[in-house]
Amino acid sequence: MAISTGSTFPSGIEFSYVPIDLDQVSADDALACSKPLPLALDKLLEKNAGGNVLFVSVPGAFTPTCTENHIPPYLDNLASLKKEKNISTVVILSANDAFVQNAWGKLLLKNAKLGAVDQLPKVIFASDPNAKFSVDNGISLDLTGMGLGVRTGRYAFVVNADSRNVSYYGVELGSGVTVSGLEAVQAAKL
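Cut-off values and rules
Starting from 1, residues in each chain are numbered consecutively following that chain's sequence as written. Side-chain atom pairs in this predicted model are given and counted only at pLDDT of 80 or more, local residue features only at pLDDT of at least 70, and totals for whole chains, interfaces and linings cover all residues. The basis for every side-chain value is the complete set of heavy atoms in the structure, and neither hydrogens nor water enter the calculation. UniProt positions are given in the numbering used here, feature names are shortened, and annotations may be inferred rather than shown by experiment. Only DSSP runs of H or I with at least four residues qualify as helices, and only runs of E with at least two residues qualify as strands; both kinds are numbered from the N terminus onward. Partly exposed residues are those whose accessible area sits between 20% and 50% of the maximum for their type, while under 20% is buried and over 50% is exposed, using a 1.4 Å probe and protein chains only. Note on pairing: two strands pair once DSSP finds at least 2 bridges between them. Axes here mean lines fitted to C-alpha atoms, for a helix over just the part in contact, with angles spanning 0 to 180 degrees between N-to-C directions. The contact criterion used is simple: two residues touch if any of their non-hydrogen atoms lie within 4.5 Å. To estimate the expected span of a helix, subtract one from its residue number and multiply by 1.5 Å. Polar contact criterion, stated in full: a pair of N or O atoms within 3.5 Å, where within protein one must be able to donate a hydrogen and the other to accept it, and residues adjacent in sequence count only if both atoms are side-chain atoms. Definition used in this section: a nonpolar core is a set of buried Ala, Val, Leu, Ile, Met, Phe, Trp, Tyr and Cys residues joined via side-chain atoms within 4.5 Å. Grid points spaced at 1 Å and placed over the protein atoms alone form the basis of the search, with a cavity being a set where a 1.4 Å probe fits but cannot get out and a pocket an open set showing protein on both sides within 12 Å along at least five of seven lines. Lining residues have an atom within 4 Å of a point. Grid points are joined across faces, edges and corners, and a volume is the space filled by probe spheres set on the points. Residue type decides the class: Asp, Glu, Lys and Arg count as charged, Ala, Val, Leu, Ile, Met, Phe, Trp, Tyr, Cys and Pro as nonpolar, and the leftover types, Gly among them, as polar.

An unreviewed UniProt entry lists the protein chain under the name Redoxin domain-containing protein, with Australozyma saopauloensis given as the organism. Recorded under Function (unreviewed entry), the UniProt text for the protein chain is reproduced unchanged: "Thiol-specific peroxidase that catalyzes the reduction of hydrogen peroxide and organic hydroperoxides to water and alcohols, respectively. Plays a role in cell protection against oxidative stress by detoxifying peroxides." UniProt annotates the protein chain under Sequence similarities (unreviewed entry) with the comment "Belongs to the peroxiredoxin family. Prx5 subfamily."

## Section: the environment of Ile13
On the secondary structure map, Ile13 appears in the segment before strand 1 (14-17). Classification of Ile13 by relative accessible area gives buried; the value is 11%. Through-space distance from the C-alpha of Ile13 to that of Asp128 is 9.7 Å; in sequence the pair is 115 residues apart.

## A few points about the sheet that holds strand 4 (residues 87-94)
Read across the sheet, 7 strands follow the order 2-1-5-4-3-8-9 without closing on themselves; strand pairing throughout is mixed. Bordering the open sheet on either side are strand 2 (37-40) and strand 9 (166-171), each of which pairs with just one other strand. On average, adjacent strands in this sheet sit at an angle of 30° to one another, irrespective of strand direction. Against the sheet, helix 3 (residues 78-85) touches strand 3 (52-57), strand 4 and strand 5 (122-127), its axis set at about 130° to strand 4.

## Some details on the side chain of Ser80
For Ser80, the position within the fold is in helix 3. Residue contacts for Ser80: discarding those within four places in its chain leaves Lys85 and Gln186.

## Observations concerning helix 4 (residues 98-111)
The end-to-end C-alpha separation of helix 4 is 20 Å, in line with the 20 Å expected for 14 residues at 1.5 Å each. The complete set of buried residues in helix 4 reads Ala98, Gln101, Asn102, Ala103, Trp104, Gly105, Lys106, Leu108 and Leu109. The N-terminus of helix 4 is capped by Asp97, whose side-chain oxygen sits 2.9 Å from the backbone nitrogen of Phe99.

## Some remarks on the nonpolar core
Judged by nonpolar contacts, the single largest core of 31 residues is most densely connected at Leu54, Ile71, Leu75, Trp104 and Phe125. No other element matches helix 2 (residues 64-76), which puts 4 residues into this core. With 22 residues, the next largest nonpolar core counts Ile13, Phe55, Ile124 and Val166 among its residues.

## Some remarks on the layout of surface pockets
Estimated volume of the largest pocket: approximately 350 Å³. Surrounding the largest pocket, 19 residues form its lining, Pro59, Leu141, Leu143, Arg154 and Gly174 being those nearest its centre. Those elements that provide at least two residues to the lining of the largest pocket are helix 2 and strand 6 (140-143). The element contributing the most residues to the lining of the largest pocket is strand 6, with 3 residues. In terms of residue class, the lining of the largest pocket is made up of 9 nonpolar, 7 polar and 3 charged. Space inside the second largest pocket adds up to approximately 150 Å³. Taken together, Tyr17, Pro38, Leu39, Ala40, Lys43, Leu44, Lys47, Asn48, Thr89, Lys122 and Ile124 make up the lining of the second largest pocket. Here the residues of the lining of the second largest pocket sort into 6 nonpolar, 2 polar and 3 charged.

Shown next, in the form of structure tokens:
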């Protein structure tokens, strides 16, 4: 199974996550966390009928490039992603566990320029346990030599919830943020 622009997003994929309520994020304690829930992507796509789901993957929560350059532009531009690209849900993905993703997500969202929450797509900080999805699709990053193990790579893709068609797919080949960044997704024809 390998995804690419024009391919059909596979069935049966499941991540894990701890929900973050955008209405409450400013008051949420990043150290408080609930039990992780399964995130069945088949159901997620069904719930987003008529919209697009954006997936943005990073090698690690709390790492410099991911925290400073990659994810904040997405969070600061959620309203325009919804309005201009019909993004109904944004899934921020990493091989980190759901607890780490939740804490990182709360801290990033507290610093984001969100605006009116009712105008925004849903935001989910999810875990790709053991980077299984990324490994299966050839988009993982082996950082074992640095003591970090196998991680999700740095990539972004957009799935049309109705057709399950992957309308944008960008995987970074180097260490920077280009094809997986906000500007590339904004420029894409979805």
